[in-house]
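# Structure assessment
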Amino acid sequence: MADKKFETPELREYPIIPKLQKDVMAHSQPFIAKDSHNEPLGFPGELVEDWHDVAIKKMGDLQSKYRGLQVYLDSCVKCGACTDKCHYYVGTTDPKNMPVARQDLYRKVYRRYFTFAGKYFPKLVGATDLTKDVLDDWYSYFHQCSQCRRCSVYCPYGIDTAEISMAAREVMDTIGVGQKYCNEIISKVHKIGNNLGLPGPALLDTLEGLEEDVEEETGVEVKFPLDVKGADVLLITPSADFFAEPHVDGLIGYAKVFHEAGISWTVSSHASEAANFGMFIGSYENMRKLAMRIREAALELGVKRIVFGECGHAWRVAYSFLNTLAGPWDFLDQNYPIPQHICEVTYGLIQDNKLKFNKSLNDDMVLTYHDSCNVARASRMGDKAGGQFLIPREVIKATCNNFHDMSKDTIKEGTFCCGGGGGLLTDDLMELRVKGALPRMEALRKVVEDHGVTHMAAICAICKSQFAKVFPYYDFSMDQIVSVHQLVSNAIILTGQRDENDQNDDENHPQQDIDEAA
Amino acid sequence: MQISILSFTVAAIFYLAFFVFAYGLISKILQYKNTPAPLKIPTMPAPTTQAGVVFRMSKEVVFFESLFKSSKVTWLFGWLFHFGLFLDMLRHLRYFIDPIWFWVLIIQPFGKYGSILMFIGLAGLLTRRIIVDRVRYISSPSDHLMLVLLLSITTTGMAMSFYLGADVISVKSFFIGLMTFNIQNIPSDPVLVSHLLMVASLMIIFPYSKLLHAPGLFFSPSRNQVDNAREKRHVAKWAEDLEKN
Ligand code: HEM
Ligand code: SF4
Ligand code: SF4
């Protein structure tokens, strides 16, 4: 399965809607979770005997708990408006990757067991029994949805296939059919505190190493504090930021921003992970348990603010759900948004002229920006609708001279997923990930050709890892993906920073650059 | 006055249809209303105030804004059909109120053109459903039949108002009679009777089919929620219970 040879789709000159090719992705399934992955999450270790009945019961339970699910299952008119909106459909041409067809895998079972028409006239309304084959299709195709919500933008009723994928995954987990990648990771966070299973001492080591690196480079003692009681800010960031390229350059950027602004901050070894894979598997309980670690850390360390690093779905959970899951946050400083995104922090400081940049230090790059789906369509930044589009771009423009957006229908609310979100960032789904990246690769290719773009910036750990991996399939190189705060880190001039000959000139006019950006 | 068997039958069917429609729709609406939405999931960017939500929703209901973004062809036919349906339903009010309100009189001729819009819209939607491979793939027999049923209602209606004519006075007294539990005769006109019986079946089907999209839209959390998760804590009843342990 994972080692199956597949062809990278060709980038098309004029993206047209592809013709259907039935079942070409039916073979794509992620590795199944073992009992040791499932049980810590409260799920049975393997397929339970009476799985059929348990599954139907769970479906009924979810419908009564989630209005969205109930309304979405009833309301689809099969207008077809969403059919060409999913990157997985565009990249694979498998009709079951059309959002409505993906929903229908669930809806046809819903109709059969829960609606009058489906009970008495199943053929007429396309209702079917829940059989092993159907379950198999569920496992394939609900793991070919990155829960990116693009379909929900274009549906006349806002039907969100992500909600249905989450429900389907929860039903599958409940009968013991879990996905290894997600469940293994969640069990690690429950046990250790982050996706990587990186224990406290290792974390301390890494952070100290970063302090040394930055001091060597700049001559400034920029701190990377861990578990510091009484710090103002608790930084919650995806664990990839602690070591992998280009993520770690982003972390260095946050540290420099905090340092320069004189904000005391700390990472927590108890909540050393921004990611919350509980969302991917649709499990409110797991999502809540993971979120509670953040509350516990904030209380224990006595911080005043919570700031999230660059991570897409984590920001969704933080912005949209954290207050619900782990609030109320009455013990934090109410003068700041709770929680706050690192881009909001940096943007605010730029506006207040608290940071100095030499934009020319990023002149070796021509940038474009990839809106991560969870930031774009499931959360916000700033105090106005659409701040999630404006703020990261303003941060880029304040730190770089060369920036070009990709074409209009592939950015902002219409952004295309990187192809690896929603719990699919695993090597056993490589074919899907490569094919799902197609629309984004086409849009990138276009700005590369038209504007000489050399790098794409993103604010999501999953996007960054995914692009680093799939770029080579499309003849880009893996280092063409960068963190937004990496750009900040490159261009920021710290107070007391060691002069480098080529910087002297510009350093006298950093203010000018800032004004231009504002 | 002698009431014909036909009139009794049609009357009985309409009472049944009305009951099923009202009961079915109200239970669905109550179900939607009583099912919590535990998480904030508006499709962003979303309005940050309740007034903003009303504005967003109005644009969806009146103009099909999201559909306009996604597919101009579907939008055109879909909107023509619904707008025509809306005009035509207003026009039909004249069968149920007496004396007829002034504005209902004014719109009579427009209502008539509404049926033409409905016809064009429905024919376009049905054609699209048949010729576009993606839409054909996602269609069940019921999706085609729904359009056929609506087309048949539209064409029988148009046949009467444009060519054959109907005894509208009797039709009106039949419906006023139904509403006052005083059954009157209905003209034994096959086109009229089939038009009415198809409308009755549409009412019966409504709460058990995808026609639930009409109430559904108003309850869709991705469209009706305010974007204020950070400012206002939002917790469902069942989720509150989790916090106790
Ligand atoms: C609040 C009122 C309503 C709204 C906002 C609404 C909106 C929509 C939209 C956006 C579509 C998708 C586009 C299309 O295929 O036309 C649609 C489809 C449809 N609507 Fe409505 N609608 C409403 C009421 C009704 C009513 C009362 C009927 C019933 C008789 C109806 C019958 C249909 C049908 C049959 C379709 C499917 C068309 C197809 O097969 O392609 N709608 N509606
Ligand atoms: S949520 Fe995204 S991945 Fe899932 S069906 Fe919709 S468009 Fe496709
Ligand atoms: S756009 Fe919405 S209503 Fe139309 S087919 Fe897709 S999910 Fe169904």
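In what follows, the structure referred to is the one given above.
Residues numbered from 1 in each chain as written. Chains lettered and ligands numbered in written order. Predicted model: local features only at pLDDT ≥ 70, side-chain atom pairs only at ≥ 80, totals over all residues. Heavy atoms only, no water.

## What about the packing of helix α1 (residues 5-34) of chain B against helix α9 (residues 168-179) of chain B?
Residues and elements named next belong to chain B. The condition is simple: Angles run from 0 to 180 degrees between N-to-C directions of axes, and those axes are lines fitted to C-alpha atoms, restricted for helices to the stretch in contact. Strands are runs of DSSP state E lasting at least two residues, helices are runs of H or I lasting at least four, and both sets are numbered from the N terminus onward. When describing relative orientation, an angle under 35 degrees is termed roughly parallel and one over 145 degrees roughly antiparallel, while 65 to 115 degrees is termed roughly perpendicular and anything else oblique. Take the far helix as your reference; a near helix turned counterclockwise from it by less than a right angle gives a left-handed crossing, and one turned clockwise gives a right-handed crossing. Residue contacts follow a heavy-atom distance rule, with two residues in contact if any of their heavy atoms lie within 4.5 Å. Only Asp, Glu, Lys and Arg are considered charged in this grouping, and only Ala, Val, Leu, Ile, Met, Phe, Trp, Tyr, Cys and Pro are considered nonpolar; every other residue, Gly among them, is considered polar.
Where α1 meets α9, the closest approach of the two axes is 11 Å, and the angle between their N-to-C directions is 55°. Between α1 and α9, the interaxial angle falls into the category oblique. In this structure, the crossing between α1 and α9 has a hand that is right-handed. Contact with α1, carried on its side by Ser-7, Val-10, Ala-11, Phe-14 and Tyr-15, involves Phe-174, Phe-175, Gly-177 and Leu-178 of α9 and no other residues of that element. Classifying every residue of the contact of α1 with α9 gives seven nonpolar, two polar and no charged.

## Points about the coordination of the iron atom of ligand 1
Residues and elements named next belong to chain B. Quick note on the threshold: With water omitted from the atoms examined, metal sites may look incomplete; donors here are N, O and S atoms no farther than 2.8 Å from the metal, or 3.2 Å in the case of Na, K and Ca. All geometry calls rest on donor angles, where a four-donor set with angles between 85 and 135 degrees is tetrahedral, four- and six-donor sets with opposite donors more than 155 degrees apart and all others between 65 and 115 are square planar and octahedral, and all else is irregular. The cut-offs for exposure are 20% and 50% of the maximum accessible area for each residue type, with area from a 1.4 Å probe on protein chains only; residues under the lower value are buried, those over the upper are exposed, and the others partly exposed.
Only His-82 (NE2) and His-213 (NE2) from the protein reach the iron atom of ligand 1 as donors, at distances of 1.9 to 2.0 Å. Here the iron atom of ligand 1 binds six donor atoms, and the angle range of 85 to 178° at the metal identifies the geometry as octahedral. Of this pair, His-82 sits in helix α4 (residues 72-92) while His-213 sits in helix α11 (residues 213-219), and the two are 131 residues apart along the sequence. Look at His-82 and you get partly exposed, because its relative accessible area is 27%. Overall, the relative accessible area of 13% leaves His-213 in the buried class.

## What about the site of ligand 1?
What counts here: A cutoff of 4 Å decides nearness: a residue is near a molecule or strand if any of its heavy atoms lies inside that distance of it. For this analysis, a polar contact is any N or O atom pair within 3.5 Å, provided that within protein one partner can donate a hydrogen and the other can accept it, and provided that sequence-adjacent residues contribute only side-chain to side-chain pairs.
Residues in contact with ligand 1 amount to 24 residues; listed here are only the nearest, Tyr157(A), Gly78(B), His82(B), Arg129(B) and His213(B). In this structure, ligand 1 sits where chains A and B come together, each supplying nearby residues. Within the side chain of Tyr157(A), a nitrogen or oxygen atom sits 3.3 Å from a nitrogen atom of ligand 1. Contact distances for ligand 1 include 2.8 Å between a nitrogen atom and a side-chain N or O atom of His213(B). For the shell around ligand 1, the secondary structure elements donating two or more residues are α4, α6 (108-131), α8 (141-164) and α11 of chain B. For the shell around ligand 1, a count of residues per class yields 19 nonpolar, three polar and two charged.

## Focus on the sheet that holds strand β6 (residues 455-458) of chain A
The strands that make up a sheet are held in pairs by hydrogen bonds between backbone atoms, and each pair lies either parallel or antiparallel. All names here are of chain A. Which entries qualify depends on this criterion: Two strands pair if DSSP finds at least two bridges between them.
If you trace the three strands from one edge of the open sheet to the other, you get β5-β6-β7, paired in parallel fashion. A strand with exactly one partner marks an edge of an open sheet, and here the two such strands are β5 (367-369) and β7 (481-483). Each neighbouring strand pair of the sheet contributes to a mean axis angle of 40°, computed without reference to strand direction. Examined bridge by bridge, β5 and β6 share three bridges and lie parallel to one another. Bridging from a neighbouring strand, Leu-367 pairs with His-455 of β6.

## As for the site of ligand 3
Ligand 3 sits among 13 residues. The nearest are Cys76(A), Cys79(A), Gly80(A), Cys82(A) and Cys155(A). Here the shell around ligand 3 is built from residues that sort into ten nonpolar, two polar and one charged.

## Things to note about the nonpolar core
Just so we agree on the cut-off: Here the nonpolar core consists of buried residues drawn from Ala, Val, Leu, Ile, Met, Phe, Trp, Tyr and Cys, with membership extended through side-chain atoms lying within 4.5 Å. These domain boundaries are the output of an automatic or database domain assignment.
In terms of nonpolar packing, the biggest core is built from 183 residues, with Tyr106(A), Trp138(A), Phe224(A), Phe258(A) and Phe308(A) touching the most fellow members. In terms of residues, this core owes the most to one element, helix α15 (residues 312-326) of chain A, which gives nine residues. Looking at this core, you find at least three residues from each of domain 1 (35-186) and domain 2 (192-404 + 453-502) of chain A. If we skip the residues at most four places from it in the chain, Phe258(A) touches Val233(A), Leu235(A), Ile263(A), Trp265(A), Val307(A), Ile342(A) and Val345(A). Ranked by size, the runner-up nonpolar core spans 20 residues in total, among them Val71(A), Phe81(B), Leu212(B) and Phe219(B).

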